[in-house]
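Given next are the chains, with one letter for each unit.
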Amino acid sequence: MSTPYRLGLDDDLPQALRELLDSTDGPAFERALDAIVHQRERDVFRTLGQLARDLHETLRRFSAEFARDGVAYVAADARQELEAALEMSAQAANRSLDFAERMRPDADALVQHALAELERTADDDPALPLARRALEFGLATRTALADMVLAQSWQDLSGRRIHKAAAFIGNVESALLELVRLTGELVGEEAHGTAPAVSSQADADRLLAEFGF
Amino acid sequence: MGPVENMLDKNMRILVVDDFSTMRRIVRNLLIDLGIRPKMIQEADDGNNAMAMLRNVRFDLVITDWNMPNMSGIDLLRSIREWDKIKTLPVLMVTAENNREQIIAAAQAGVNGFVVKPFSAATLEQKINRIFERLAVSEASA
């Protein structure tokens with residue numbers, strides 16, 4: 001009978017594992033190995049679950065800080081804050097556009113009236129400087145209004161970035177909850193049916209609670 | 001203004017497609033600055049709605065954003081080119097990114113012009129004029 005193969009590191013192994021390696025009972029060895037691997041998996045998934053919970057709590061604290069600072073939103077989470085910022089910037093841009101659209105006809109009319117006045121005013125007429133000044137002002141106002149309209153483009157550009165950031169946060173939250181669901185299943189805790197789509201802080205909290213987080 | 005302004009047909013019917021209402025208003029304002037009559041400018045908030053409008057009304061030009069939900073600008077462009085009735089309709093693509101891949105994809109799909117946001121009325125005018133200049137040349141040589 002040949003000498004059993006021995007691992008070089010077995011002096012560092014726990015007694016139980018050393019005995020197991022020396023065992024000649026194949027099925028017992030397989031069962032014990034499965035148990036060890038399963039225990040390791042549980043530890044890994046518990047750790048992942050803890051990490052997921054910590055990350056989720058961090059997101060929730062982030063939202064709470066906004067609420068505490070006086071921004072009154074019923075469900076204050078980062079995604080909603082970004083959407084609210086987007087909405088506010090759109091409102092501000094639209095108010096500026098309202099103003100520009102309201103003033104443009106007045107500026108055009110002033111230019112036209114000033115031009116007409118200049119045509120029929122004699123060189124020595126005391127109204128001439130005023131007509132010239134009105135024309136300059138009308139033209140400058142028209143240019144300024146056009147610039148103001150153009151400046152609102154930044155609402156569109158910043159809005160698209162906000163959309164991307166909000167979508168990213170949504171993806172992180174969904175991935176996080178999927179991770180929590182998977183870790184819950186793998187450590188033997190049953191989900192109640194299939195995981196529903198998660199779209200709000202309340203959904204997130206409910207799902208986390210189902211898995212004991 | 002110079003001779004360039006005179007080339008723009010003030011009576012052309014234009015469809016502005018963008019999911020951001022702010023941007024649609026801005027483009028509308030720029031077009032009005034260029035002398036286009038307000039009632040000739042219509043708006044859609046995505047490619048699907050634009051296609052629905054194109055089925056019912058004859059337009060002379062489409063100015064569309066690239067990034068939109070439901071149907072993006074590039075898909076709208078492809079849909080236009082696939083539909084015999086409007087396949088030659090000029091399309092000016094608007095994008096927030098000066099992205100080489102986007103430009104190549106749009107060119108391959110048959111775009112007529114490409115403009116990066118933000119843009120001024122003068123730039124918009126230049127792009128529109130360029131589109132119709134090229135169309136005139138290709139029609140003359142056909």
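Keep in mind that what you see is a predicted model, and the values were worked out from it rather than measured. (Residues numbered from 1 in each chain as written. Chains lettered and ligands numbered in written order. Predicted model: local features only at pLDDT ≥ 70, side-chain atom pairs only at ≥ 80, totals over all residues. Heavy atoms only, no water.)

**Q** I tried to follow the packing of helix α3 (residues 78-120) of chain A against helix α2 (residues 21-33) of chain B on my own but got confused; where do I start?
**A** Two measures define how a pair of helices packs: the angle their axes make with one another and the distance between the axes. Contact geometry for α3(A) and α2(B): axes closest at 10 Å, N-to-C directions at 20 degrees. Here α2(B) runs roughly parallel to α3(A), going by the angle between their axes. With respect to the hand of their crossing, α3(A) and α2(B) are arranged in left-handed fashion. Each of A:Ala90, A:Ala93, A:Asn94, A:Leu97, A:Asp98, A:Glu101 and A:Arg104 in α3(A) lies in contact with α2(B), whose residues at this interface are B:Ser21, B:Thr22, B:Arg25, B:Ile26, B:Asn29, B:Ile32 and B:Asp33. (Axes fitted to C-alpha atoms, helices over the stretch in contact; angles between N-to-C directions. Helix = DSSP H or I, 4+ residues; strand = E, 2+ residues; numbered from the N terminus. Parallel < 35°, antiparallel > 145°, perpendicular 65-115°, else oblique. Left-handed = near helix turned anticlockwise from the far one by under 90°. Contact = heavy atoms within 4.5 Å.)

**Q** Would you mind going over the sheet that holds strand β2 (residues 41-44) of chain B with me for this structure?
**A** Note: strands within a sheet are paired through backbone hydrogen bonds, in either parallel or antiparallel orientation. All names here are of chain B. Taken together, the five strands give an open sheet; going across it, the order is β2-β1-β3-β4-β5, and neighbouring strands pair in parallel fashion. In this open sheet, the two edge strands, each paired with only one partner strand, are β2 and β5 (113-116). On average, each strand axis in the sheet is tilted by 20 degrees relative to the strand beside it, whichever way the strands run. Two strands pair when backbone bridges link them, and strand β1 (residues 14-17) and strand β3 (residues 61-65) are joined in this way by four bridges, in the parallel orientation. By the bridge assignment, Val 16 is partnered in β3 with Ile 63. (Pairing = 2+ DSSP bridges.)

**Q** Could you clarify how one ought to interpret the environment of B:Met40 in this entry?
**A** All names here are of chain B. Relative to the helices and strands, Met 40 resides in the loop between α2 and β2. Since its relative accessible area comes to 9%, Met 40 is described here as buried. Taking the C-alpha atoms as reference points, Met 40 and Arg 13, separated by 27 residues in sequence, lie 4.7 Å from one another. Not counting residues up to four positions away in its chain, the partners in contact with Met 40 are Asn 11, Met 12, Arg 13 and Ile 14. (Buried < 20%, exposed > 50% of the residue type's maximum accessible area, 1.4 Å probe, protein only.)

**Q** Mind showing me how you'd approach the packing of helix α3 (residues 47-56) of chain B against helix α4 (residues 73-82) of chain B here?
**A** All names here are of chain B. The geometry of α3 relative to α4 is characterised by a closest axis approach of 9 Å and an angle of 25 degrees between their N-to-C directions. The angle between α3 and α4 falls in the class roughly parallel. In this structure, the crossing between α3 and α4 has a hand that is right-handed. From α3, Gly 47, Ala 50, Met 51 and Leu 54 reach across to α4, where they touch Leu 76, Ser 79 and Ile 80. Along the lines of polarity and charge, the residues of the contact of α3 with α4 split into five nonpolar, two polar and no charged. (Nonpolar A, V, L, I, M, F, W, Y, C, P; charged D, E, K, R; others polar.)

**Q** Please explain the interface of chain B and chain A as it appears in this structure.
**A** Interface size is commonly expressed as the accessible area that is lost once the parts come together. Each partner contributes residues to the interface: chain B has 20 residues there, and chain A has 21 residues. For the pair chain B and chain A, the summed buried surface comes to about 1700 Å²; carbon and sulfur atoms form 54% of the total. Counting across the chain B and chain A interface gives seven salt bridges. The salt bridge involving B:Asp33 is made with A:Arg104; its shortest N-O contact spans 2.2 Å. Looking at the side of chain B that touches chain A element by element, the count peaks at nine residues for α2(B). (Buried area = accessible area lost by both parts, 1.4 Å probe. Salt bridge = Lys/Arg side-chain N within 4 Å of Asp/Glu carboxyl O.)

**Q** Teacher, can you tell me more about the pairing of strand β4 (residues 91-95) of chain B here?
**A** Strand residues, when the strand is regular, have side chains that alternate between the two faces of the sheet. Residues and elements named next belong to chain B. The buried fraction of β4 is high, at five of five residues. Every second residue of β4 is oriented toward a common face, with Val 91, Met 93 and Thr 95 on one face and Leu 92 and Val 94 on the other, all of them buried. The handedness of the β3 to β4 crossover, carried by α4, is right-handed. The pairing of β4 with β5 spans four bridges and is classified as parallel. Paired with Leu 92 across the two strands is Gly 113, which belongs to β5. (Right-handed = clockwise from strand over helix to strand, strands pointing away.)

**Q** Which parts of the structure should I look at to understand the pattern of salt bridges?
**A** Where side chains of opposite charge bring their charged atoms close, a pairing between them can arise. One pass over the structure, following the stated rule, counts 19 salt bridges over all chains. A:Arg133 is the partner of A:Glu136 in a salt bridge, and the nearest nitrogen-oxygen pair spans 3.7 Å. Taken together, the residues A:Glu136 and A:Arg133, both in helix α4 (residues 128-151) and three residues apart, mark about one turn of the helix. On the basis of relative accessibility, which here comes to 48%, the residue A:Arg133 falls in the partly exposed class. Between B:Lys117 and B:Asp65 there is a salt bridge whose closest N-O contact spans 3.2 Å.

**Q** What exactly am I supposed to notice about the nonpolar core here?
**A** Soluble globular proteins: nonpolar side chains tend toward being buried together. Residues and elements named next belong to chain B. Within the largest apolar cluster, 31 residues are counted, with the highest numbers of intra-cluster contacts made by Ile 14, Leu 31, Ile 36, Ile 63, Phe 119, Leu 124 and Ile 128. Considering every element that reaches this core, the biggest residue donor is α2, with five residues. Not counting residues up to four positions away in its chain, the partners in contact with Leu 124 are Leu 30, Leu 31, Leu 34, Ile 63, Leu 92 and Phe 119. Val 17, Met 51, Ile 74 and Val 111 belong to the second largest nonpolar core, which has 23 residues in total. (Core = buried A, V, L, I, M, F, W, Y, C linked by side-chain atoms within 4.5 Å.)

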